[in-house]
Amino acid sequence: MLDNLLKRKSFWNVYIFSLFVLSAFTAINDQEVSGAIFFGLITCITLILFSDLTPSILPVLLLSAFVTECYDSAATFLSMWYYGLFLVAAVIFHLLKYKRKITIGPSFSGIVAVTVAVTLGGLGSISRGEYLSPTSLYYVFSLGLGTLLFYLLFSNHFSKSSAYHLAQIMYAVGLFASFLVLLFLYLNRETLLDESKTLLFQASNNLSTFIMLSLPFPMYFGKKRGVDVFATLFMYFCAIISTSRAAIIFATLELIIIFVCYICFFERKKLLKFFYIAVLVALGYVFLKILPEIVENVLYASQRSENFGLSETFDAIKNFFTSPNESRGKLLKRALEDFKSNKIFGVGLGYTGNSDIYAPKSGAMNWYHMWTAQILGSMGLVGVLAFLYQLFVRIKIYFKNTSPLNMTFLLSYVGLFLMSQVNPGEFCPLPYGILATVYFILMEKKS
């Protein structure tokens, strides 16, 4: 209906800036629930007005970011289920109004493989009650058949410029997640400065995930405007100070990968290349000098010492994953036990036998909190083969067109993949799982 608007640069600038400001206003005034309804309405409007799905992605991601403050609030949002009917109606209208021929691209086969794995997960071991529980059905459907239907119904609802505009959106989302980190730290500055108190930031892992997803995009725009590179460094700084232990480790690793890729493959301007190398040297200094201090205070606070150096840092990081006193270490061990109990299909996504180690909040699974462990424990060998195949397909899609923008999407996915090693990450269908699917839909269209 208004697709011509999407061809105007001014529309995207105003649209992204306006929703950013509205999101910031929502967070500052602690109106996340009302904001979720309002941004849901914006999503419905964009679905009705535009055949291109890209404008609808922005309000969904901004909403997903600011509602991270609503920890353990599933009951609150479920009580407003009737608002979801407007979204369902908007989706149906969109599909009927903007009919597209269903086509199957390269990434479809990987989605089919994962759908089979998550659907059959637990076959022969999971109880009927566990498999058919509402939480289990939500994740099994969303990660499997739901993603498959999304691909079939919406993969052709993107335009030639969608990839570029999604890059703009991810840039804005990263800045907004960084803003939320700074806002939280400012509002809790007294606790932060009081060494006798522990600052509990429940949203830190989710916000850090958004930041890690967004880190590569300013680099892409930095090819024309060198100043954008500083936005990547700013986002990285916000991820580090968010108190997320995973971000301390993996955002640093991701940033190194990003700079190496841009230096080696795409940056031809000598001045910018020199700057990137200087940043890499600085990151090396962070690893050698500053990271040990951060790790000592965040990961290893109970065993501080005067001689805490690089060796102790790697020991602390190792303990983060494997220590018997760490829930992730216990869950990794449990995942191996669950895998051995049903090597072919695992114990299923709905399995609740790990509640003695991790008791999920309402609406969440009994996570293993590690991508590899989740696949091994929940889906067995079928899951391992399915997810490895999907990774192979996705990498193959990239190598069909190694353009700077495709590489940026791939690096963003690397950020999600890294964070998923110690958090649910890609096993959260909305927004992370669907966003990854959109990335590769756009990449395959550019191949």
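Owing to the predicted nature of the structure, the values given are computational and were not obtained by experimental measurement.

Visitor: Explanation requested: the overall build of the protein in the structure shown.
Guide: A tally of helices and strands in the protein yields 20 helices and 0 strands. Within the protein, the proportion of its 447 residues that are buried is 53%. In the protein, of all internal contacts separated by at least 6 residues, the share reaching a separation of at least 24 is 76%. Put simply, the protein shows about 20,700 Å² of open surface, and 66% of that area lies on carbon and sulfur atoms.

Visitor: Quick question: what am I supposed to make of helix 9 (residues 162-187) here?
Guide: Given 3.6 residues per turn, any residue in an α-helix points the same way as the ones three and four places further on. The terminal C-alpha atoms of helix 9, which comprises 26 residues, lie 37 Å apart, in line with the 38 Å expected from a rise of 1.5 Å per residue. Buried residues dominate helix 9, accounting for 20 of its 26 residues.

Visitor: Help me understand the packing of helix 3 (residues 54-66) against helix 9, please; the structure alone is not making it clear to me.
Guide: Packed helix pairs are specified by the crossing angle of their axes together with the interaxial distance, meaning the distance between the axes. Two numbers describe how helix 3 lies on helix 9: the axes approach to 10 Å, and their chain directions differ by 15°. If you check the angle between helix 3 and helix 9, you find them roughly parallel. Handedness of the crossing formed by helix 3 with helix 9: right-handed. Residues Thr54, Ile57, Leu58, Leu61, Leu62, Ala65 and Phe66 of helix 3 lie in contact with helix 9, whose contacting residues are Ser162, His165, Leu166, Ile169, Met170, Val173, Phe176 and Leu180.

Visitor: Would you explain unusual backbone geometry in this entry?
Guide: Peptide bonds are trans in most cases, and residues, glycine excluded, mostly fall at negative phi. Cis peptide bonds are those with omega within 30 degrees of zero, and the linkage from leucine 430 to proline 431 qualifies with 5°. Residue threonine 243 is not a glycine yet carries a positive backbone phi of 75°. Tracing the backbone shows threonine 243 in the loop between helix 13 (229-241) and helix 14 (245-266). On the basis of relative accessibility, which here comes to 30%, the residue threonine 243 falls in the partly exposed class. Within the chain, histidine 369 stands out as a residue other than glycine whose phi angle is a positive 60°. As for its placement among the helices and strands, histidine 369 is situated in the loop between helix 17 (327-341) and helix 18 (371-400). Given a relative accessible area of 13%, histidine 369 falls into the buried group.

Visitor: I tried to follow the packing of helix 9 against helix 20 (residues 429-445) on my own but got confused; where do I start?
Guide: Packing of helix 9 against helix 20 leaves a shortest axis separation of 10 Å and a crossing angle of 145°. Considering only the axes of helix 9 and helix 20, their crossing is left-handed. Here helix 9 contributes Ser162, Ala163, Leu166 and Met170 to the contact with helix 20, which in turn contributes Leu435, Val438, Tyr439 and Leu442. Classifying every residue of the contact of helix 9 with helix 20 by side-chain character gives 7 nonpolar, 1 polar and no charged.

Visitor: Could you clarify how one ought to interpret the confidence of the model for the protein in this entry?
Guide: Interpretation of the predicted coordinates at a detailed level should be avoided for regions scoring low in pLDDT. Per-chain confidence: the protein averages 87 in pLDDT, with 87% of residues scoring 70 or above. Every residue in residues 298-310 scores below 50 in pLDDT, and together they form 26 contacts with partners more than four places removed in sequence or on other chains.

Visitor: Just to check I follow, could you spell out the side chain of glutamate 254 for this structure?
Guide: Following the sequence through the fold, glutamate 254 ends up in helix 14. Arginine 394 is the oppositely charged side chain nearest to the buried, salt-bridge-free glutamate 254, at an N-O distance of 14 Å. In contact with glutamate 254, other than residues within four places in its own chain, are Met212, Leu215, Pro216, Leu411, Gly415 and Leu418.

Visitor: Can you help me understand the packing of aromatic side chains in this one?
Guide: Aromatic ring pairs are defined here through the distance separating the ring centres and the angle between the ring planes. Scanning the entire structure with this criterion turns up 28 aromatic pairs. An angle of 80° between the planes, with centres 5.9 Å apart, marks the rings of phenylalanine 38 and phenylalanine 39 as edge-to-face. Judged by its relative accessible area of 39%, phenylalanine 38 is partly exposed. With a centroid separation of 6.0 Å and 75° between ring planes, the pair formed by tryptophan 81 and tyrosine 82 is classed as edge-to-face. These aromatic residues form a ring-pair network of at least three members: Trp371, Phe387, Tyr413, Phe417, Phe427 and Phe440.

Visitor: Teacher, can you tell me more about a nonpolar patch on the surface here?
Guide: A cluster of nonpolar side chains, namely Trp81, Tyr82, Tyr83, Leu85 and Phe86, defines an oily patch on the protein surface of about 600 Å² accessible area. Among the structural elements, tyrosine 82 can be located in the loop between helix 4 (74-78) and helix 5 (84-97).

Conventions and cut-offs
- Residues numbered from 1 in each chain as written.
- Predicted model: local features only at pLDDT ≥ 70, side-chain atom pairs only at ≥ 80, totals over all residues.
- Heavy atoms only, no water.
- Helix = DSSP H or I, 4+ residues; strand = E, 2+ residues; numbered from the N terminus.
- Buried < 20%, exposed > 50% of the residue type's maximum accessible area, 1.4 Å probe, protein only.
- Contact = heavy atoms within 4.5 Å.
- Areas by Shrake-Rupley, 256 points an atom, 1.4 Å probe, with all protein chains shown as cover.
- Expected span 1.5 Å × (residues − 1).
- Axes fitted to C-alpha atoms, helices over the stretch in contact; angles between N-to-C directions.
- Parallel < 35°, antiparallel > 145°, perpendicular 65-115°, else oblique.
- Left-handed = near helix turned anticlockwise from the far one by under 90°.
- Nonpolar A, V, L, I, M, F, W, Y, C, P; charged D, E, K, R; others polar.
- pLDDT = per-residue confidence, 0-100.
- Lys, Arg positive; Asp, Glu negative; His and termini not counted.
- Salt bridge = Lys/Arg side-chain N within 4 Å of Asp/Glu carboxyl O.
- Phe/Tyr/Trp six-rings, centres within 6.5 Å; stacked < 30°, edge-to-face > 60°.
- Patch = residues over 30% accessible without salt bridge, like charges linked within 9 Å, V, L, I, M, F, W, Y side chains within 5 Å.

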